[in-house]
Structures are given as structure tokens and as C-alpha cells.
Amino acid sequence: MSERIHNFSAGPAVLPLAVLEEAQRDLVMLPGVGMSILEISHRSKTFDEIIGRAESNLRELLNLPDNYHVLFLQGGASLQFSMIPMNFLPKDASADYILTGSWGKKALKEAKKAGATNVAATMADGNFTRVPDQDELKLDPEAAYVHFTSNETIEGVEWKQEPEVGDVPLVCDASSDILSRPLPIEKYALIYAGAQKNMGPSGVTLVIVRDDLLARIPEGLHTMLDYRTHVEAKSLYNTPNTFGIYIIMLVTKWLQEKGGLEAMYAENEAKAKILYDAIDATPFYRGHADADSRSLMNVTFRLPSEELEKKFAVEATAAGLDGLKGHRSVGGIRASIYNAFPRAGVEALVSFMKEFERKNG
Ligand code: PMP
């Protein structure tokens, strides 16, 4: 293989070529440092600058006020499923969970181990094809927090705007759509996201947490599982994923150079439209999500049979379109088209889809 192919993988996923090239150039020796990013101490001045830049880039892109902390943790988004209830679900309270797909269910499973929960809405009956309307939410006004998943990566279901939760802290798993569009940050108490889709390599989890929430944390938590540890140590309590944070710094710089999240959002909408239009143009392809809940990041669709879906994925891979097989739990086809995924790749997929239908339709 001598050329880069189109990588539709759900994560780890495609990264901007310019970022990979810069990382490659500097891998053996960071300019002016004489050592690789892989070799330097997390306590060095150089790394201090790198993590500082990663944070300030994120602050600028997301327009984060000073009362939000930015943390770079490990354990994936999956560890946040546990840390959130351990820190913010007191024994005498209950937390609301809104379920729009597989990841929300996993988050709820962990919360149940920590305390009482209420399912404020679940779209499971309809096979997770949409987000609930505001009037379908059975919210508990006394809830410790409300948890939702802004984009369900497996089903390809995305919220177009946040649920209204009043004064209850809103907690969001934004693993697969963070940085894909601007966010009204003031609506959120905590946002978390694994880096491996829109920000960098696997092994770093971004957590953005509002300062007033920290006062709710009970005493006695294990040090590494207590958010205050990481706030106080500025993500350097233990050895962080230095390389991952360096790549996040480069990816966020790339985003700034592209014009920030408004510009990215416009591009993402345009890319997704090309693909959804192709799906809607023929009954041969059937989108999984309802039109108003369709994800801009993970486009999920079915073909007339599982056999054809298998054939589609195999032939697409042979044509240089990799990673299109849907998640094993739902089947079908999933095209993940994150920020770094080029428009030309979407156009190549649409051409392939037309040709595949012509031969097999
Ligand atoms: N939440 C969402 C929405 C995801 O897409 C994923 C991973 N695909 C996770 C959580 C779990 O992330 P991790 O593998 O980083 O634990």
C-alpha cells in the first residue's frame, strides 16, 4: 500500500494529514529540544508548554469561561461512566439518564453501581433511531445530574440541541462529536470525550468540568478517581499520555487554522448532506436514524439484505474505502466522517454506492 486510503473507522479514526506530517517531522527531535515528544518528561518545561497550548487551544475553540476546568485523563470515556456517579451521585440522590443508544446504556449500567438512577427517556423501543422530544423527558427536578450522549456513535443518532434541564447539572458524553460544531457551553456542567475520534489518538480523555461541581465530591474517593486531584495537579498528578496530549495540541491548532468550530460545522454539514442525499435518493439504501436526529459524524444505513451489506463492506475495502462495516451490535453500514475526514472521501463513497446499486440493485 503506497497511498493513504479513505478511513471511515469509528475510532481510532482518521487524523488530519497535516498533523500526522508535523508529528512525523518532529518525532525524532522536537525543534530546539533535541529529544522526541516520546522521550521528554511530563514535568519538563517543554511538556508544560505543550499541555498549556492544548488547553488554551481548546479554551479558545470552545469559548470556555474561566470557571470550567480542562482535564486530560486516561481510562477512556468508559472510565467517566464510573467517575461521574462516584463523584456526583450522592447516596441520598438519584441521577437522570437519557438513553439514545448503546453508549448511554453503558453509562447507565455503571451509574447503577454507584447509586439510584432514573431513566428520563429511552429510545430503545424504537431501536434507537432518534432523540426524544423535550416533552417526552421524565426529568426529576431534584436529580443530582442529567446525563445524555450528544452523539451515539453506533446508531448514528445526534442531538441537534441540548435537552432543557433547568438548574440540574447537565453532563454529556460528547466522545464522537466534540469539536464538530460550536457548543453553548453555559448549558453544560461536565462534558467528556475520548480523544480517538475528533481530537487525537486513543488513550486520552478530555473532561471539561464546571468549578462549582467540585464542591459536591464526597471525601474518601480513591485519589485517581477524584476529579479534584486532576484539577489541582493540572492533569499531571501521575504520568499522563504525553504523546496523545501533544497530538491534541496539533489537532486543535489545525482546527484554529481552518477557522474554528463554525467553519468546521459548515464543512461537516456539507459532507454529511452529500451522503444522506445519496441514501435518500434510492430505496436500495435505508438510513437508520430519523431525518431530524441524523448524525453528522456517523452515517448509518442498511441495504436490502445482510448478505448485500457484507458484500458492500468487502468490496468497498477493496476499493480503498475502509472501515464501513457497522458495529457488530447493530449491523449494516456505518460511515464515520469526523472533522478530519476529507470531502473527497465522501464523494468517493457516493460514487461507489451508485455503482454498487447498479450492479446489485
Ligand atoms: N461513548 C461514546 C459515544 C463512544 O463512541 C465511545 C467509544 N466508541 C465510548 C463512549 C467509549 O470510549 P472509550 O473506548 O474511550 O472508553
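This report concerns the structure included in the present document. (Residues numbered from 1 in each chain as written. Predicted model: local features only at pLDDT ≥ 70, side-chain atom pairs only at ≥ 80, totals over all residues. Heavy atoms only, no water.)

## Considering the packing of aromatic side chains
Here comes step 1: One pass over the full model with this rule turns up 16 aromatic pairs.
Here comes step 2: Ring geometry for Phe284 versus Tyr285: centroids 4.9 Å apart, planes at 85 degrees, classification edge-to-face. Residue Phe284 shares its accessibility class with Tyr285, and that shared class is buried. (Phe/Tyr/Trp six-rings, centres within 6.5 Å; stacked < 30°, edge-to-face > 60°. Buried < 20%, exposed > 50% of the residue type's maximum accessible area, 1.4 Å probe, protein only.)

## Section: the sheet that holds strand β9 (residues 190-194)
Here comes step 1: Taken in spatial order, the seven strands of this open sheet run β2-β10-β9-β8-β5-β3-β4, and their pairing is mixed. Each having just a single partner strand, β2 (68-73) and β4 (116-122) make up the two edges of the open sheet. Adjacent strand axes in the sheet meet at a mean angle of 20 degrees, parallel and antiparallel pairs treated alike.
Here comes step 2: Judged from the two bridges that link them, strand β3 (residues 94-99) and strand β5 (residues 146-149) form a sheet pairing that is parallel. Bridging across to β5, Asp96 finds its partner in Val146.
Here comes step 3: Relative to the sheet, helix α2 (residues 45-62) contacts β2 and β10 (205-210), its axis offset from that of β2 by approximately 130 degrees.
Here comes step 4: Taken strand by strand, helix α3 (residues 76-88) contacts β2, β3, β8 (170-173), β9 and β10, and its axis lies near 155 degrees from that of β9. (Pairing = 2+ DSSP bridges. Helix = DSSP H or I, 4+ residues; strand = E, 2+ residues; numbered from the N terminus. Axes fitted to C-alpha atoms, helices over the stretch in contact; angles between N-to-C directions. Contact = heavy atoms within 4.5 Å.)

## Here's the deal with a positive patch on the surface
Here comes step 1: On the surface, Lys106, Lys109, Lys310, Lys325 and Arg328 cluster together into a positively charged patch.
Here comes step 2: Residue placement: Arg328 occurs in the loop between β13 (321-322) and β14 (333-336).
Here comes step 3: According to the relative accessible area criterion, Arg328 is exposed, its value standing at 73%. (Patch = residues over 30% accessible without salt bridge, like charges linked within 9 Å, V, L, I, M, F, W, Y side chains within 5 Å. Areas by Shrake-Rupley, 256 points an atom, 1.4 Å probe, with all protein chains shown as cover. Salt bridge = Lys/Arg side-chain N within 4 Å of Asp/Glu carboxyl O. Lys, Arg positive; Asp, Glu negative; His and termini not counted. Charge placed at Lys NZ, Arg CZ, Asp CG, Glu CD.)

The quantities given are spatial measurements derived from coordinates; they are silent on function.
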